[in-house]
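Summary of structural features
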Amino acid sequence: MVSQQRHLGLQRPEEQGSTQSAKETQNGSLSQIERMTQARNGASFDPSKLAVIIYGSKEELKTTLAAFARVENTLGHTDTFKLPVAYGDQTRQATLLEGLRCGKATFQDGEPDTNVFSERTHLFSLGNSNPLGLTNFLFTPYLKLVGTEEQVKYWLPLAEEGKIIGSYTQTELGHGTFVAGIETTATFDKETDEFVVNTPRESATKYWPGAIGFTATHTILLARMIIDGQDHGIHPFMMQLKNLKDFKSLEGIELGDIGMKMSYNAAGNGYAVFKSVRIPRSNLLMKHASVSRDGKYTSIPLRQKLLYGGMMNGRRVMIGHVAFQLAQALTIATRYSIVRTQGLKLAKPPNFAETTIINYAHQQHRLLTLIAKSYVAIFAWTSINITYSALPALQAAGNHTTLAYTHMLLCGLKAWATQTAADGAEEARKMCGGHGYMLISGLPEIVNSVLATRNLTFEGENYVRWGQVSHYLMKGLDAETLPADLVYLETYYADMTSSCKSVGIDFRDSHVLLDVFRRRAAKCIVEAHDLVCAAEKGNGLSREQAQNKHAPSLIVGARAHIEVYILEASIKQLASLPVDTDMSIKAVLTRLVSLFGLSTISSPFSPFAASFLSDGYLSAAQILEMRDQIEQLIQELLPDILAICALGCKDGDVYRRIMGWTRQLPINVPAKNNGGVFKAGWEQYIAPFLRENRERRFGSRL
Ligand SMILES: Cc1cc2nc3c(=O)[nH]c(=O)nc-3n(C[C@H](O)[C@H](O)[C@H](O)COP(=O)(O)OP(=O)(O)OC[C@H]3O[C@@H](n4cnc5c(N)ncnc54)[C@H](O)[C@@H]3O)c2cc1C
C-alpha cells in the first residue's frame, strides 16, 4: 500500500517536512524572513514618517495605532499564528456572532468619536461591516440631520453610550435607487396621535438594512407619510424594534436575517415586515417637516437641499474607507511578492535560486501603478474632506451655493474610488496566485466588500453616481457663466488644434500631466454636451432622454473631470507637505503622483487610455516616451516598495503562518485526531459512495 502511494507521487503528511522552520532555506536562497528584512533595509526613508503623512499627524497616527492595539488585545488577535476566529466556523450564526464580538470590543473601547475604526479599517469597522457599527455609520449622522434639537438631545446620548443600538431602514424588496418609490406607509391616526406603520405588500418589505435582523433595538425608518388620505412623500421616523428587556420583536414587527452575502457577513443585513405598528407622532423626525396634533403638515422650503447636504457624509466616509482597503490589499500583495519565489527563468549564478515574484516586470508594474492610485485616492479624500467640512456651517447660514459642486465631487469620487479600489484589490488578489484566493489571505473579503460599494450598492450604484456628475457638467455648460471648476473647459476648448510639446522626462512634471488631463476632459465633456444638445434639438428628446441616449460618452467626460480633480488635489497635497518632510519622502510621493498621471494616460493596461488619444494632442511617439518614463519610475520606486506600504503582518513568515492557520481550521482539527478522517463526510457520503460504486461495478462488497 505504501509503495503504491509513493509510485503515485503521494506522501503522508508526516513525510512532508511539515515542521520546516521559517529560517530554513531552499536551494541555498534566503528565507522568507530574510528576504523581507533585506527588502525593508533597502528603503530610502523611515516608513513611520510616511505613515504620519498618510494619517495626517503624529497625534492621529499614535491614537490610531493605540486604539488598534487595545482592540486587538481585547479580541485576542495579538498572536498572529493563531487562526483568527473569523476564519474558523463560517456558518451564518458564527459569522454574525464574531461580528458582534468585534463590534462590542470596538464600541466599548470608546474610540468611535475619532473615526479610527469607521474610516480606516474593515475588520473592526464601526461602519457597515459589523452589526454595532451601523449606529455610528448611519443612525446617529442621520438622526443629527433630521431630528429637532429636542429629539437629538433625547436619542443621541442613548445611541452614543450604547444604550440603544441603531440601524437605518430605507431599502425595500421592490425599491433601492428610486427612494421616492418606497411603499411602506406611516398613516396618521388623529384619534390616538400616532402613526400606523405598514408594509402593505411583499415588495414593501424592508430588505437589506444592516443590523436590523437580530441586533438593532431601534431604527430610522423611511416611510411614505399619509394624512387624511393625502400622500406627503417619504419621511423619517424613529422606530423601536425590540423590547429592551428580553429582546423580543415588538408587536406587529417581523424581523429576520437575509443570509450569507458575498461579503459584509458580520453586519447582519436583514428584513422587516410591519403590520399596523403604532408609533407616537413625536417619533416623526421633524427638523425639516412636522405634523401638528390636528394633522396639519408643514415643511421648510429647502428641505430637500438640506437633506442632500447631510446624506453625502456616507459617501465621504466611503471614499476614505475604500482608499485604505485598496492600500491594505496592496500591502498584502507587496509583502507576498517579496517573499514568494517561483520559477528559475530569471535565476542567476552562483546558486541559481528561484526568483522572488517581485522580479517579474508585470508584477512590478501592476503593484506600483496601483499603489500610486491608492495614494492619489487618499490625497483626493483629504481634499474633499476639507470642502465637505465647510458645508454644514454654510448651509446653516442659508448659503447653499457650494452644495451642487460638493455633491458632484462626492458622487464622482465615490464612483472613481470604489471602482479603482475594487479593480485594484481584485488585481492584488490575482497577484498572490492561488493563495490569494483563500479566505485566510484576507483578500477575498476586501475584494468583495469593496465590490459591494461599487456595484450593488449602498450609497448609490456607480453608474447612477456618474450620471449625477454628468448632469452637473451639462447644467454647467448650459449656464451663461461657467461654474468656477469648469472654467478650464473654455480655455482648452478655445484651442483644440494645438498639440503637446513635451518630451521625455518633461512628462514626469505633474503640471504637464495636468495639462494633458484638462485637455482630454475639455474634449470629452464638450463633445458629450454637443451630442446631448443635438439629440434634444434634432431628435426632439427631453434632456433626460438625451442624457440617457449618450450616457457612455457622458460617463467618459464625467470620469475625465473627476480625474482632473484628483490630480489637482494630489499636486496641492504635495505642495502642502510639512516643511520638515524628508526629501526622500517628498521624492517618493512626487514619483507616485507622476506614475498615476502617466499610467492613466499611457499604460498598456489602462482601460481609459483611449480617451487621451482621439484628438491628436499626443503623438504615438509621446505615448512611448511616457511608457519609458513609467518603467524608469517603477525602477526608482522599487527599493522603497515595502516602505511605501506602511500599513499591517510584517515579518514575511508567510508559509509558516498559512500552514499554522490551515491546520487550525475546524475541519482539520478533529480529522487530525481521527486518523485524517472527516467523520461526517466519510460516514454519510464517501463510504456509501465507494461501497455502492463497488457493488454496482463488481456485484459484491470488497
Ligand atoms: C452590503 C450592503 C449593505 C446595505 N445596507 C443598507 C442599509 O443599512 N440600509 C438600507 O436601507 N439599505 C441598505 N442596502 C441597500 C442599498 O442601499 C441598495 O442595494 C442600493 O440603494 C441599490 O438599490 P438596489 O439594490 O435596489 O438596486 P437597483 O436600484 O435595482 O439597481 C439595479 C441596476 O439598475 C440601475 N439603475 C437603477 N436606477 C437607475 C437610474 N435612475 N438611472 C440609471 N440606472 C439606474 C443601477 O445602476 C443598477 O445597475 C445595502 C446594500 C448592500 C449591498
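Before going into details, it helps to say that this report is about the structure given with it. (Residues numbered from 1 in each chain as written. Predicted model: local features only at pLDDT ≥ 70, side-chain atom pairs only at ≥ 80, totals over all residues. Heavy atoms only, no water.)

**Observations regarding the packing of aromatic side chains**
The geometry of two aromatic rings is summed up by the distance between their centres and the angle between their planes. What counts, and what does not: For this analysis, a ring pair means two rings from Phe, Tyr or Trp (six-membered ring only for Trp) whose centres lie within 6.5 Å, classed as stacked if their planes differ by under 30 degrees, edge-to-face if by over 60, and tilted for the remaining angles. Strands are runs of DSSP state E lasting at least two residues, helices are runs of H or I lasting at least four, and both sets are numbered from the N terminus onward. The buried label applies to any residue whose accessible area, calculated with a 1.4 Å probe on protein chains only, is under 20% of its type's maximum; exposed applies above 50%, and partly exposed to all values in between.
Throughout the structure, instances matching the rule amount to nine aromatic pairs. For the pair Phe 517 and Phe 612, a centre-to-centre distance of 5.4 Å together with 55 degrees between the ring planes defines the contact as tilted. Highlighted residues: Phe 517 in helix α17 (residues 510-539) and Phe 612 in the loop between α20 (583-602) and α21 (620-637), separated in sequence by 95 residues. Across this residue pair, the class does not change: Phe 517 and Phe 612 are buried. One aromatic cluster is present, built from ring pairs that chain together Trp 416, Phe 517, Phe 596 and Phe 612.

**With respect to the pattern of salt bridges**
Just so we agree on the cut-off: The working definition used for a salt bridge is a side-chain nitrogen of Lys or Arg within 4 Å of a carboxyl oxygen of Asp or Glu.
With the rule as written, the count across this model stands at 26 salt bridges. When the shortest N-O distance is used, the salt bridge between Arg 101 and Glu 98 registers 2.8 Å. Of this pair, Arg 101 and Glu 98 are both found in helix α5 (residues 92-108), three residues apart, which corresponds to roughly one turn of the helix. Given a relative accessible area of 30%, Arg 101 falls into the partly exposed group. Arg 281 is the salt-bridge partner of Asp 193, the closest N and O atoms lying 2.5 Å from each other.

**Remarks on the side chain of Ser 570**
Worth spelling out the cut-off: Should any heavy atoms of two residues lie within 4.5 Å, those residues are counted as being in contact.
Relative to the assigned elements, Ser 570 resides in helix α19 (residues 551-575). What makes Ser 570 buried here is its relative accessible area of 0%. When neighbours within four sequence positions are excluded, Ser 570 is seen to be in contact with Val 376, Phe 379 and Val 593.

**A closer look at the sheet that holds strand β8 (residues 270-274)**
Strand pairs in the sheet, formed through backbone hydrogen bonds, run parallel or antiparallel to each other. For clarity, the cut-off: Being paired, for any two strands, means DSSP has found at least two bridges between them.
Reading across the sheet, the three strands line up as β4-β8-β7 and stay open at both edges, with antiparallel pairing between neighbours. The sheet terminates laterally at β4 (206-207) and β7 (253-257), the two strands that pair on one side only.

Shape is all these values report; function is a separate question.
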